[in-house]
Amino acid sequence: SLFVGCALFMNCADMDVQTEQYLEEISDRPAEETLGTQTDELMDRPPSPQFIPKKLGEDKETQIEEGDLFDFDYEVGPVLDVLTGKTLEQALMEVLEEEELAAIRAHEEEFDQKRAAELAEAQRMEEAERRRVEEKENRMKQERERVEREKQATHKVAARGFAKRYVGTVMSDVFDALSEEGQFFDPLVKEMETSVLPWLLQGVDESVQRMQAAEAVSDKCVQTVVSLRQQRIEAAKAAFEARVAEREAAAEAARKAAEEEAERKRQEEEAAKAAAEAEAAAEGEGEGAAEGEEAAE
């Protein structure tokens, strides 16, 4: 369709116009028509007739008197023999089975007892091993504490001796230096020098200058002695630390050797335990097989 508009006129209306080659009726609803059909009901399949084969041969008949085919008094004997024999055989089998079950239960009880004993032994060995390990750890801890205490005591003794020697020497040197400097004087002489003999100031000045020169020399000597003593102390300290390090290295080597020996013993015990368990299992299997063969016989 084509949309045509009348925009040039005020009162015109818009509408749709068909412009195709073939016209078709336009309606809101397509045409409808109702039709009907009828089908027959579905019938069930009839049942198949029974197959009867064709009769062959000829019919015959005969007469059987009482006692011709079966004599109860005669035929019941083998039946009773079979029933009695089967009953006895079943009873014997049940008795043998009961005896076999009793033997199996006894064997199981014996095996449980052996296993319980082995388990108790294993637990005892594990507990003993645990106690040995704890004892070893306690001994090693005590040894480390003892070594540490000895080390501390050695350091304290060395420091005390060093301090005593150094302080004693310094005190003697200080007292000597003070004595040389004139710090220990007579009060009477000092009073005379300050109040009674002022005219000797010039001589005293010269004396002081000489004392100052002597003090410089003494200080130099003291510094030299102190430096030499410090060098000796450092050398002694280094030698002491070297000896302590050697002792610690020897203690560590001994500890490692003890641990390796303990580990080797533990591995040997585990190997012996595994071999004993394997031998016990092999003996148990052999006894079980032998008892099974005897029960079967």
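Details of the structure are given in the entry above.
Rules used in this analysis
Residues numbered from 1 in each chain as written. Predicted model: local features only at pLDDT ≥ 70, side-chain atom pairs only at ≥ 80, totals over all residues. Heavy atoms only, no water. Helix = DSSP H or I, 4+ residues; strand = E, 2+ residues; numbered from the N terminus. Buried < 20%, exposed > 50% of the residue type's maximum accessible area, 1.4 Å probe, protein only. Contact = heavy atoms within 4.5 Å. Areas by Shrake-Rupley, 256 points an atom, 1.4 Å probe, with all protein chains shown as cover. Patch = residues over 30% accessible without salt bridge, like charges linked within 9 Å, V, L, I, M, F, W, Y side chains within 5 Å. Salt bridge = Lys/Arg side-chain N within 4 Å of Asp/Glu carboxyl O. Lys, Arg positive; Asp, Glu negative; His and termini not counted. Charge placed at Lys NZ, Arg CZ, Asp CG, Glu CD.

Chemist: Where do I start with the overall build of the protein chain in this structure?
Modeler: For the protein chain, the count of helices and strands is three helices and two strands. Its helices and strands taken in sequence order, the protein chain reads β-β-α-α-α from the N to the C terminus. Here the protein chain holds 297 residues, and 3% of them are scored as buried. Within the protein chain, residue pairs in contact and separated by at least 24 positions form 64% of the contacts whose partners lie at least 6 positions apart. For the protein chain, the exposed area adds up to about 27300 Å²; of that, 56% sits on carbon and sulfur atoms.

Chemist: Quick question: what am I supposed to make of a negative patch on the surface here?
Modeler: Together, Glu 94, Glu 97, Glu 98, Glu 99 and Glu 100 make up a region of like negative charge exposed at the surface. Here Glu 94 lies in helix α1 (residues 72-181).

Chemist: Is there a simple way to explain the pattern of salt bridges in this structure?
Modeler: Pairing is possible between side chains that carry opposite charge, provided their charged atoms lie close to one another. A complete count under the given rule lists 20 salt bridges for this structure. Among the ionic pairs, Lys 60 bridges to Glu 58, the shortest N-O distance being 3.9 Å. The exposed category is assigned to Lys 60, whose relative accessible area is 72%. Linking Glu 261 and Arg 264 is a salt bridge whose minimum nitrogen-to-oxygen distance equals 2.2 Å. In this pair, Glu 261 and Arg 264 are both assigned in helix α3 (residues 201-296), three residues apart and thus about one turn of the helix distant. When salt bridges that share partners are traced, they join Glu 127, Arg 130, Arg 131 and Glu 134 into one network.

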